[in-house]
Amino acid sequence: MTQTRRHTADPTAHEMLVHARSIGVETAFDRYDKQQPQCGFGSLGLCCRFCWKGPCRVDPFGAGPQKGICGADRHTIAARQVARMMAAGAAGHSEHGRHVLHALDKVADGSLKTFQITDERKLLEVARRMGFTTEGRPVLEIAGDVVAASFEDFSNQHEGKAPNWLKVLLPAKRLERLQKLGVIAPNIDMGVAQLMSRTHIGCDADPLNIILGGIRAAIGDLNGMVLATELSDILFGTPAPVITEADLGVIKPTSVNIALNGHNPIVAEAVCRVAAEMKAQAQALGAVDGINLVGVCCTGNEVMLRHGVPLAANYLSQELVMLTGVMDAMVVDVQCIMPGITAVAENFHTVVVTTHDENKIPGAVHRSVHPENAVEVARGIVELAFDAYKRRNPKQQHLSDEKSTAIVGFSAESIVDVLTRIDAEDPLKPLLDAVTSGAIQGIVLFAGCNTTQVDQDMNYKTMGRELARRNVLVLATGCGAGAFAKDGLMTQEATEQYAGEGLKSVLRALGEAAGLKGPLPLVFHMGSCVDNSRAVTVASALANRLGVDLSDLPVVASAPEAMTEKAVAIGTWSVALGFPTHLGNIPQVTGSDQVVKIMTETAKDAFGGYFIVEPDPVKAAEKLYAAIQERRRGLGLPAGARS
Ligand code: NFS
Ligand code: SF4
């Protein structure tokens, strides 16, 4: 059945996929086909392997067993599984945050000289918001205070004390509401550990209670994300608008090409630094254009926003970058790296380099990178790329010309900077005026992955246009941002072509204020997945300025092609913060009507946010627009056009 599917709505990826098949290189798209039909019990969340009496499965049609051997029913089984995904996501994001935190700790105490504090303004702002004195104190001492407060978010043992980063991020009203509901764990790790504990066999069997435990872990995910984003900005710089490019056409035959894949920016930052120094060496090998760094997935987004490194691919086409035959090295760090890349690389001269000791892949070369040795090891990694370059086989070249311009780098700070040029006294006012007048109906954040369950990028392409046409401001992160960048929606032309009249007038005014000839791009690239916290920063600023809670704002979120446990965690905290949150593929919980009800209805009463599951992207856009209208009515704002 799936052979009739196109697998990707990205025409460049599709062309490269056809090429891969023609030369017999297997990719995720083929492995997806080989997995069909996928297990129905698993898809519904009704297969349990939480103990060795299992696996147990519950028959969704009521004919077979209705309980696992221990007596767990389908609601317990489905709730436990999805809650563990929330915890795993929280662990991933906050481990990333902890890694960056340790680097900043060493910079602050003077033991790490490789990296410096790049954004002092942000450090001081964060320190002030955490309640530290900044006047007349050495910068590194202030950094030490922020580091200590960040470590406390991983170590505080006392219920009731709000985590430092959540206090910086969230409106007081929302924080209080979450505390009253008991979903803020004393520290990030505790939220994860407690969830693992309560979902062990023989513990929590109440689906609502389990999901609340999952939300506790997911709020820890948000805590880890904001910490990761802000500390990365302090160390490596806060993104500001930069013009770059996206799609496979950014890979150049005349350069030594190195793809940076993963999430944690430390290795990629080091490679960026040494690549500039090693240009002449590449040219001496015959690569006339020197070294060409390109991004993949979220590490790609990190360096795209901070250094203008072009993005070659988002998640589902990460293997395809090697099909060009001129990718010399793929350097990976953590998360969303397909183990399949080394098998693809074996068909070519490409060297895959793993860099984190806890993330190795058979078939890759491993180089252990730590903040202390990052720059030195990065040089060695570039040399591995040089060696690979010498082994290139010209007959294997299959280049793509396809690439789009992408104006990226919309951190909360850079958005405020542009707004300040319109109203220096009250920067948020122009944005609020646009929302209250209805020129902008609302804001949507597109986050999340690609999944083989949806033709790659399809839902982003459709929903982005559908919502922009209805005057909804579109923000994006992660692989969603990658999809929009490749699709040319991060351009001024896209604004002229697809934005509704109100949105267009606002983006034109902002573009003018920013000194651009023409409007800001249709979609604002806010960064990698951890940078979803940037969107929360913007929403919190709006809520505070209006004196309302996040759940009152005409702000919605969508993960239309979600896949990872991290995405499950993000979607969950998005709901817990009060945002209507769309999923475009069916989550693995539908075997339990109780769990579905908790996430789509009960959540609304408790948190104000709720999940909307809608696979059809046109209908999904309609539903999100309707949710925006409901919020506008709540605030007494004028309604937008009906469709
Ligand atoms: Ni987010 Fe980024 Fe992409 Fe999904 Fe993976 S790369 S952290 S999890 S797949 S968006
Ligand atoms: Fe089966 Fe219960 Fe064990 Fe799950 S925990 S595998 S339902 S016996």
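Rules and cut-offs
Residues numbered from 1 in each chain as written. Chains lettered and ligands numbered in written order. Predicted model: local features only at pLDDT ≥ 70, side-chain atom pairs only at ≥ 80, totals over all residues. Heavy atoms only, no water. Helix = DSSP H or I, 4+ residues; strand = E, 2+ residues; numbered from the N terminus. Buried < 20%, exposed > 50% of the residue type's maximum accessible area, 1.4 Å probe, protein only. Contact = heavy atoms within 4.5 Å. Areas by Shrake-Rupley, 256 points an atom, 1.4 Å probe, with all protein chains shown as cover. Lys, Arg positive; Asp, Glu negative; His and termini not counted. Charge placed at Lys NZ, Arg CZ, Asp CG, Glu CD. Pairing = 2+ DSSP bridges. Right-handed = clockwise from strand over helix to strand, strands pointing away. Near = heavy atom within 4 Å. Nonpolar A, V, L, I, M, F, W, Y, C, P; charged D, E, K, R; others polar. Axes fitted to C-alpha atoms, helices over the stretch in contact; angles between N-to-C directions. Parallel < 35°, antiparallel > 145°, perpendicular 65-115°, else oblique. 1 Å grid on protein atoms, 1.4 Å probe; cavity = no way out; pocket = protein on both sides within 12 Å on 5 of 7 lines; lining within 4 Å. Points joined across faces, edges and corners; volume = space filled by probe spheres on them. Domains from an automatic or database assignment. Phe/Tyr/Trp six-rings, centres within 6.5 Å; stacked < 30°, edge-to-face > 60°. Lys NZ or Arg CZ within 6 Å of the ring centre and 35° of its normal. Buried area = accessible area lost by both parts, 1.4 Å probe. Salt bridge = Lys/Arg side-chain N within 4 Å of Asp/Glu carboxyl O. Polar contact = N/O pair within 3.5 Å; in protein donor to acceptor, adjacent residues only side chain to side chain.

Visitor: Looking at this model, I keep getting lost on the overall build of the protein chain. Mind explaining?
Guide: Each helix and strand in the protein chain was counted, giving 25 helices and 16 strands. The 643 residues of the protein chain split such that 62% are buried. Across the protein chain, the fraction of contacts at a sequence separation of at least 24, relative to all contacts at a separation of at least 6, is 75%. Carbon and sulfur atoms form 53% of the exposed surface of the protein chain, whose accessible area is close to 23300 Å². The average position of the 61 basic charges and that of the 70 acidic charges among the side chains of the protein chain differ by 3 Å.

Visitor: Please explain the pairing of strand β11 (residues 442–446) as it appears in this structure.
Guide: Across a regular strand the side chains alternate sides, sitting on one face of the sheet and then on the other. With 5 of 5 residues buried, β11 lies mostly within the body of the structure. Of the two faces of β11, the one holding G442, V444 and F446 and the one holding I443 and L445 are both buried throughout. Across 5 bridges, the pairing between β11 and strand β12 (residues 472–477) is parallel. Across the sheet, the residue bridging to V444 is V474, located in β12. Read from β11 through helix α18 (residues 458–469) to β12, the crossover connection turns out right-handed. In this sheet, strand β14 (residues 555–559) lies alongside β11 in parallel orientation, the contact comprising 4 bridges. For I443, the partnering residue across the bridge sits in β14 and is V555.

Visitor: Which parts of the structure should I look at to understand the site of ligand 2?
Guide: In the vicinity of ligand 2, the residues found are C48, F50, C51, K53, G54, C56, G68, I69, C70, R80 and I201. In terms of residue class, the shell around ligand 2 is built from 7 nonpolar, 2 polar and 2 charged.

Visitor: Just to check I follow, could you spell out the packing of helix α17 (residues 428–437) against helix α22 (residues 532–546) for this structure?
Guide: Angle between the axes and distance between the axes: these two values describe a pair of packed helices. Here α17 crosses α22 at 80°, and the two axes come no closer than 11 Å. Between α17 and α22, the angle falls in the class roughly perpendicular. Residues L428, K429, L431 and L432 of α17 form the contact with α22, whose participating residues are A541, L542, R545 and L546.

Visitor: Just checking my understanding: could you explain the sheet that holds strand β16 (residues 610–613) for this structure?
Guide: Strand pairing in a sheet takes place through backbone hydrogen bonds and is either antiparallel or parallel in direction. Strands sit in the order β13-β12-β11-β14-β15-β16 across an open sheet of 6 strands; the sheet is parallel. Of all the strands in the sheet, just β13 (523–527) and β16 have a single pairing partner and so form its edges. Taking each pair of neighbouring strands and ignoring which way they run, the sheet shows an average axis angle of 25°. Along the sheet, α18 contacts β11, β12, β14 and β15 (580–583); its crossing angle with β11, the most-contacted strand, is approximately 170°.

Visitor: What exactly am I supposed to notice about empty space enclosed by the protein here?
Guide: Gaps left between atoms are located by rolling a probe of water-molecule size over the structure's atoms. The full count for this structure, using the stated rule, is 8 cavities of 30 Å³ or more. Computed from the structure, the largest cavity encloses a volume of approximately 220 Å³. Taken together, 24 residues make up the lining of the largest cavity; nearest its centre are L445, N532, A557, W573 and S574. Looking at the lining of the largest cavity, the elements with two or more residues in it are β11, α22, β14, α23 (565–577) and β15. Taken together, the residues that form the lining of the largest cavity break down as 18 nonpolar, 6 polar and no charged. One number sums up the size of the second largest cavity: a volume of about 100 Å³. Together, 13 residues line the second largest cavity, and C48, C51, C56, C70 and R80 are the ones closest to its centre.

Visitor: Would you explain the site of ligand 1 in this entry?
Guide: Ligand 1 sits among H263, C297, C298, Y315, C336, G448, C449, C479, C529, M563, T564 and K566. Looking at the shell around ligand 1 residue by residue, the classes come out as 8 nonpolar, 3 polar and 1 charged. Two domains share the shell around ligand 1, each providing at least three of its residues, namely domain 3 (248–396) and domain 4 (405–634).

Visitor: Explain unusual backbone geometry to me, please; I cannot follow it from the model alone.
Guide: Across the chain, the bulk of peptide bonds are trans and the bulk of non-glycine residues have phi less than zero. At the junction of Q36 and P37, the peptide bond is cis and its omega measures out at -10° in the coordinates. With respect to the element layout, P37 can be found in the loop between α2 (28–34) and α3 (40–44). Notably, C336 is not glycine yet its phi reads approximately 60°, a positive angle. Along the polypeptide, C336 turns up in the loop between β7 (327–332) and α14 (341–345). Located in the positive-phi region is D457, a residue other than glycine, with phi close to 75°. Within the secondary structure, D457 is located in the loop between β11 and α18.

Visitor: Looking at this structure, I do not really get the packing of aromatic side chains. What am I missing?
Guide: Aromatic rings considered in pairs are described by the distance between their centres and by the relative angle of their planes. Per the counting criterion, the structure on display carries 5 aromatic pairs. Measuring from ring centre to ring centre gives 5.4 Å for F446 and F484, while their planes differ by 65°; the resulting arrangement is edge-to-face. One end of the pair, F446, is in strand β11; the other, F484, is in helix α19 (residues 478–486), with 38 residues separating them in the sequence. In this pair, the class of F446 matches that of F484, namely buried. In this structure, R84 packs its charged tip against the face of F50, placed 4.2 Å from the ring centre. Of note, R470 hangs over the ring of Y625, and the distance from its end group to the ring centre comes to 5.6 Å.

Visitor: In this structure, what is going on with the domain arrangement of the protein chain? I would like to understand it.
Guide: One frequently used descriptor of interface size is the decrease in accessible area upon assembly of the parts. Each assigned domain of the protein chain is listed with its residue range as follows: domain 1 (38–64), domain 2 (74–157 + 164–236), domain 3 (248–396) and domain 4 (405–634). On a C-alpha basis, the centres of domain 1 and domain 4 stand 35 Å from each other. Counting residues at the interface gives 5 residues for domain 1 and 5 residues for domain 4. Of the roughly 330 Å² buried at the junction of domain 1 and domain 4 (both faces included), carbon and sulfur atoms supply 52%. Ranking the residues of domain 1 by area buried against domain 4 places S43, L44 and L46 at the top, with a combined share of 73%. Linking domain 1 with domain 4 are 0 salt bridges, by the criterion used here. On the surface where domain 1 and domain 4 come into contact, there are 1 residue pair in polar contact (both at pLDDT 80 or more). For the side of domain 1 that touches domain 4, the per-class residue count stands at 2 nonpolar, 3 polar and no charged.

Visitor: Would you mind showing me how to read the pattern of salt bridges here?
Guide: Side chains that differ in sign of charge can pair as their charged atoms come close. One pass over the full model with this rule turns up 40 salt bridges. A salt bridge links R121 to D417; the shortest N-O distance between them is 3.6 Å. With R121 in helix α5 (residues 120–129) and D417 in helix α16 (residues 412–422), the pair connects residues that are 296 residues apart, well separated along the chain. Overall, D417 belongs to the partly exposed group, its relative accessible area being 34%.

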